[in-house]
Amino acid sequence: MTLAALLAAVAQAGIGVWFLAAAIGKAMDLHAAREAAEKYTVLGRVVSGLGFPILVLAEAAIGAGLVVGVGSQQVAAIAAAMLTMYAVVMAVDLARGLRHECGCGSRSLPISWRLVARNLAAVGILVASALWPQPLDLSGRLVVGLALMSCWILSLELRSARSVVWAEPGDG
C-alpha cells in the first residue's frame, strides 16, 4: 500500500461519510428535506413524490460504497456526477436571485456560492481519487471508514458541547 492509495481511500471514505450524514439527516426529517428540495427551480418537481426517497437511498448507497470501497472508481464517478448536479442546480437558482435552504441534510444552510464551490471541490477530490490505480483492500477501507465516522461523531459531540459552553444567558 502506498501513501497515495491511503490518501485516495481516506478522501473517498471522508466524502462517503459526508454522503451518509446527508442521507441520515434527510431521512430523519423526510418532510422538511423534501420541502427544501422542491424549492429548486431545476429538478424540484422531479424529487417530489417517490423521487425524493429514492434520492435519499441513492445518497446512502453512494456513501456506503465510498466508505467500503466496493467499485470505488465507479461509485466515485457516480458521487461526482451527483455533486455536480447539486452544484449546477444551486448555481441556477443563485443566478436567478433565489435564496432558500439547501436541503443538504440535518444542518440546513441557505444556498450560496460557497456551497457550489464546496461541491465542486469534492468533485475534484473524487475524480483524483478515482484515477488512482492502487485502491486499498476491503479491510483497509473499513478501518479508514470507521476512523472517519468516529471523527465525524466526535465533531458532532464537540459542536454540541461548544454550543452549550458558549450559550448566552437566556438561550434555553
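These notes cover the structure that comes with them. (Residues numbered from 1 in each chain as written. Predicted model: local features only at pLDDT ≥ 70, side-chain atom pairs only at ≥ 80, totals over all residues. Heavy atoms only, no water.)

Contact geometry of helix α1 (residues 3-28) with helix α4 (residues 72-95) gives a least axis separation of 11 Å together with a crossing angle of 55°. Here α4 runs oblique to α1, going by the angle between their axes. Relative to α4, α1 is oriented so that their crossing is left-handed. In this structure, α1 uses Gln 12, Trp 18, Phe 19 and Lys 26 to contact α4, whose residues at the interface are Ser 72, Ala 76, Ala 79, Met 82, Leu 83 and Tyr 86. A per-class count over the contact of α1 with α4 returns seven nonpolar, two polar and one charged. (Axes fitted to C-alpha atoms, helices over the stretch in contact; angles between N-to-C directions. Helix = DSSP H or I, 4+ residues; strand = E, 2+ residues; numbered from the N terminus. Parallel < 35°, antiparallel > 145°, perpendicular 65-115°, else oblique. Left-handed = near helix turned anticlockwise from the far one by under 90°. Contact = heavy atoms within 4.5 Å. Nonpolar A, V, L, I, M, F, W, Y, C, P; charged D, E, K, R; others polar.)

Another point: the pattern of salt bridges. According to the stated counting rule, one finds one salt bridge in the structure shown. Here Lys 26 and Glu 59 are joined by a salt bridge, their closest N and O atoms 2.6 Å apart. Separated by 33 residues along the polypeptide, Lys 26 in helix α1 and Glu 59 in helix α3 (residues 51-68) bring together distant segments of the chain. Looking at Lys 26, the relative accessible area reads 5%, which means it is buried. You can call Glu 59 buried: its relative accessible area is 2%. (Salt bridge = Lys/Arg side-chain N within 4 Å of Asp/Glu carboxyl O. Buried < 20%, exposed > 50% of the residue type's maximum accessible area, 1.4 Å probe, protein only.)

Summed over all chains, the structure comprises one disulfide. Sulfur-sulfur distance for the disulfide between Cys 102 and Cys 104 comes to 2.3 Å. (Disulfide = S-S within 2.5 Å.)

Remark: α1 packs on helix α5 (residues 113-131), axes separated minimally by 9 Å, with the N-to-C direction vectors making an angle of 140°. Between α1 and α5, the angle falls in the class oblique. In this structure, α1 crosses over α5, and the sense of that crossing is left-handed. Judged by residue contacts, Ala 8, Ala 11, Gln 12, Ile 15 and Trp 18 of α1 engage Arg 118, Asn 119, Ala 122, Ile 125, Leu 126, Ser 129 and Ala 130 from α5. Here the residues of the contact of α1 with α5 sort into eight nonpolar, three polar and one charged.

For the rest of this paragraph, the subject is the side chain of Glu 59. In terms of polar contacts, Glu 59 uses its side chain to reach the side chain of Tyr 86, at 2.5 Å. Excluding its chain neighbours within four sequence positions, the residues that come into contact with Glu 59 are Phe 19, Ala 22, Ala 23, Lys 26, Met 82 and Tyr 86. (Polar contact = N/O pair within 3.5 Å; in protein donor to acceptor, adjacent residues only side chain to side chain.)

Approximately 390 Å³ is the volume found for the second largest pocket. Lining the second largest pocket are 25 residues, and of these Lys 26, Leu 55, Glu 59, Tyr 86 and Gly 103 sit closest to its centre. Within the residue set of the lining of the second largest pocket, elements represented by two or more residues are α1, α3, α4 and α5. No other element matches the five residues that α4 contributes to the lining of the second largest pocket. Here the residues of the lining of the second largest pocket sort into 18 nonpolar, four polar and three charged. (1 Å grid on protein atoms, 1.4 Å probe; cavity = no way out; pocket = protein on both sides within 12 Å on 5 of 7 lines; lining within 4 Å. Points joined across faces, edges and corners; volume = space filled by probe spheres on them.)

In this section: a nonpolar patch on the surface. On the surface, Leu 43, Val 46 and Met 85 cluster together into a nonpolar patch covering about 240 Å² of accessible area. With respect to the helices, strands and loops of the structure, Met 85 is situated in helix α4. (Patch = residues over 30% accessible without salt bridge, like charges linked within 9 Å, V, L, I, M, F, W, Y side chains within 5 Å. Areas by Shrake-Rupley, 256 points an atom, 1.4 Å probe, with all protein chains shown as cover.)

Time to look at the nonpolar core. Phe 19, Phe 52, Ile 62, Leu 66, Leu 83 and Leu 126 are the most contacted members of the largest nonpolar core, which totals 22 residues. Counting residues per element, the ones that place at least two in this core are α1, α2 (30-38), α3, α4 and α5. When residues in this core are grouped by element, the largest group, seven residues, is from α4. The next biggest cluster of nonpolar side chains, apart from the first, holds 11 residues, and it includes Leu 94, Cys 102, Ile 111 and Leu 115. (Core = buried A, V, L, I, M, F, W, Y, C linked by side-chain atoms within 4.5 Å.)

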